[in-house]
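Breakdown of the fold
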Amino acid sequence: MNPPTPALRRRTLLAGAAAAVAAPALGAPAAALAPQALPLRTDDRIQGDILADFDCRQRHLLLLTFGRRDAALAWLDRLLPQLATTRQVTSSSPGDSANAMSLLWTGLSLTHPGLALLADREPLPAAPADSCATAFRQGAAARAALLGDTGPAAPEHWRFGGPAQPPVHAVLTLAADHPGRLAAAVDEQRATAARAGITVSGEQAAAALPGAHAGTEHFGFRDGISQPAVAGFDPPDPERPDRRPLPAGEFVVGHGRARDRPAGLPAWARDGAFLVVRRLAQDVPGWQAQLDAQLAALHKAGAVPPGADRSWLGARLIGRWPSGAPLTASPDADPGPGAASTEPISFADDPDGIITPLWSHLRKTNPRDGLVLCPGTRPLPADQLDGHRMLRRGLPYGPRYEPASAAAERGMLFLSYQADLVDQFEFVQRAWTGTPDFPPGRTPRPGTDPLLGPAADLAFEPPPPTPGGTPRPHRLYFTPFVRTEGALYAFTPSLPTLRALATGTLDRTPIEP
């Protein structure tokens, strides 16, 4: 039996919280167990998958290009009853296997051209420079160079979202566990779109890897473990005291945020979220060959333990062992399946990255409590970084790597929801993963995220040979083994906003003055 996914575990916790509300413990204060303690899990305005992960083994994205506006609006009106709400997703029973196999979730996101076409006007009349609204209007391809998508990863080489492809107006997400159920729904949606004069200009399928490899990505590491908790949606998790609930407005527009910063968004954006879609190709043979070459050099220099193998060095690049256990909990060896994927992660006692390198993917994308901006000073409080978190919903695409199938296309369908494209997704990509001087003030500088960044020149500092000794830095060099092959910026509107679009009553009043 496959281990539960993080989203499934969260839904199980939610069910437990609901049971506690229904049957309060003897003597428990009524206010502490009130149903409104988690009001967002019964929300019917926010689309499913933003806060409530669809949590299915398969996803299929249909990238749609509208024809006539009136036909597209009629199509939207017919689609509305099929779209999942947060309440529907959270109330599905994670323990009912028969129910899970019959479930199908549907979600709709719109790009800026799609919103403009349906609204028949500019949907973002006031878009401050350098704001999320401006990034959304420009689109992912126009901002590719800012994010390091250059050379072979530049938009002119993309499968979708680039200048050589038709414009994408909408992203229709279909998710299910049963392959036949999903295939039938995809065929039905293709036919429905065609009758409305809508072209399917691109598709992207993704699915969990089979059997015991479910929950891992193609390099062999468990993925999607460290998701932020959301206030008003996620119950406290006694096993993860480090997962403090973040304000819902970090992920859903119009709710409270960790920091007050105007976004220049109108009222129609309330209860929606910005969606980033990225097709990330993974070169598994290149990953393995480069790890082997760098590991051989480290062994020759005596910089790694005698038994260090490919997974040992790969764990330094990722920040976790293949099982999902973080290096912070087990620095010397992978404790194996079922280990500490839920182990609290803290970098506070490792400010120099001796255990978990400063350039590791885990640390570059979320420094947590170990970010020291000036060597020798105390780390920043972790809550000061809350405004850069994202909700990720990705899945692998393509077959699991075997030498006989080395030429097959494989990679990760990266999906993230956030309330601010610039301060969340783009900030992490530009200021953290793609910056060799992050964290700053280091000599030698740490280097870029070897998993997502460009060619990486890394400062590898193994533990000193004797206690209290001085580490001997070594250099690691990696060429990219992950390449962007498509990207989109879209917005996942609330159900009321989609109804307003269908009836021509979109409210463009600014949320902020």
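This text gives an overview of the structure that appears in the document. Just so it is clear, the model here is predicted, and its values are computed rather than measured.

Let's talk about the overall build of the chain
Scanning the chain for helices and strands turns up 12 helices and 11 strands. Put simply, the chain has 513 residues, and 51% of those count as buried. For the chain, contacts bridging at least 24 residues in sequence account for 71% of all contacts bridging at least 6.

Some words on the packing of aromatic side chains
Applying the stated rule across the entire model yields 16 aromatic pairs. Here Trp268 and Phe491 contribute two aromatic rings whose centre-to-centre distance is 5.4 Å and whose plane-to-plane angle is 90°, an arrangement assigned as edge-to-face. Remark: Phe491 occurs in strand 11 (residues 482-492) and Trp268 occurs in the loop between strand 4 (199-207) and strand 5 (273-282); sequence separation between them is 223 residues. Residue class for Trp268 comes out buried when judged on its relative accessible area of 2%.

So, unusual backbone geometry
Negative phi is the rule for most residues except glycine; trans is the rule for most peptide bonds. The omega torsion across Phe438 and Pro439 is -5°, close enough to zero to call that bond cis. Structurally, the position occupied by Pro439 is in the loop between helix 11 (422-433) and strand 9 (456-460). Looking along the chain, the bond that leaves Thr443 and enters Pro444 is cis, with omega of 0°. Counting through the fold element by element, Pro444 comes out in the loop between helix 11 and strand 9.

A closer look at the environment of Arg472
Mapped onto the secondary structure, Arg472 falls in the loop between strand 9 and strand 10 (474-478). Residues Arg472 and Ala459, spaced 13 residues apart in sequence, show a C-alpha to C-alpha distance of 9.9 Å.

Here's the deal with the side chain of Asp350
In this fold, Asp350 is placed in the loop between helix 9 (310-318) and helix 10 (361-365). Separated by 3.1 Å, the side chain of Asp350 and the backbone nitrogen of Ile355 make a polar contact. Excluding residues that lie within four positions of it along the chain, Asp350 makes contacts with Ile355, Thr356 and Arg363.

Focus on the packing of helix 2 (residues 69-79) against helix 5 (residues 112-119)
At a minimum axis distance of 9 Å, the contact between helix 2 and helix 5 shows a crossing angle of 100°. One way to sum up the angle between helix 2 and helix 5 is to call them roughly perpendicular. Across from Arg69, Ala72, Leu73 and Leu76 in helix 2, the residues of helix 5 making contact are Leu117, Leu118 and Ala119. Across the contact of helix 2 with helix 5, the residue classes tally to 6 nonpolar, no polar and 1 charged.

Regarding the nonpolar core
Counting residues in hydrophobic clusters, the biggest one holds 88 residues, and the most contacted among them are Trp75, Leu108, Leu110, Trp287, Tyr489 and Leu501. Leave out the neighbours within four places in its chain, and Leu501 touches Leu73, Leu76, Leu110, Leu115, Leu118, Ala119 and Leu506. Listed in part, the 36 residues of the second largest apolar core include Leu40, Ala248, Val277 and Leu415.

A look at the pattern of salt bridges
The final tally for this structure, using the stated rule, is 24 salt bridges. Measuring nitrogen to oxygen at the nearest pair gives 2.6 Å for the salt bridge that ties Asp187 to Arg190. Note that Asp187 and Arg190 are positioned in helix 7 (residues 179-195) at a spacing of 3 residues, about one turn of the helix. Note on Asp187: relative accessible area 46%, which makes it partly exposed.

Definitions and cut-offs
Residues numbered from 1 in each chain as written. Predicted model: local features only at pLDDT ≥ 70, side-chain atom pairs only at ≥ 80, totals over all residues. Heavy atoms only, no water. Helix = DSSP H or I, 4+ residues; strand = E, 2+ residues; numbered from the N terminus. Buried < 20%, exposed > 50% of the residue type's maximum accessible area, 1.4 Å probe, protein only. Contact = heavy atoms within 4.5 Å. Phe/Tyr/Trp six-rings, centres within 6.5 Å; stacked < 30°, edge-to-face > 60°. Polar contact = N/O pair within 3.5 Å; in protein donor to acceptor, adjacent residues only side chain to side chain. Axes fitted to C-alpha atoms, helices over the stretch in contact; angles between N-to-C directions. Parallel < 35°, antiparallel > 145°, perpendicular 65-115°, else oblique. Nonpolar A, V, L, I, M, F, W, Y, C, P; charged D, E, K, R; others polar. Core = buried A, V, L, I, M, F, W, Y, C linked by side-chain atoms within 4.5 Å. Salt bridge = Lys/Arg side-chain N within 4 Å of Asp/Glu carboxyl O.

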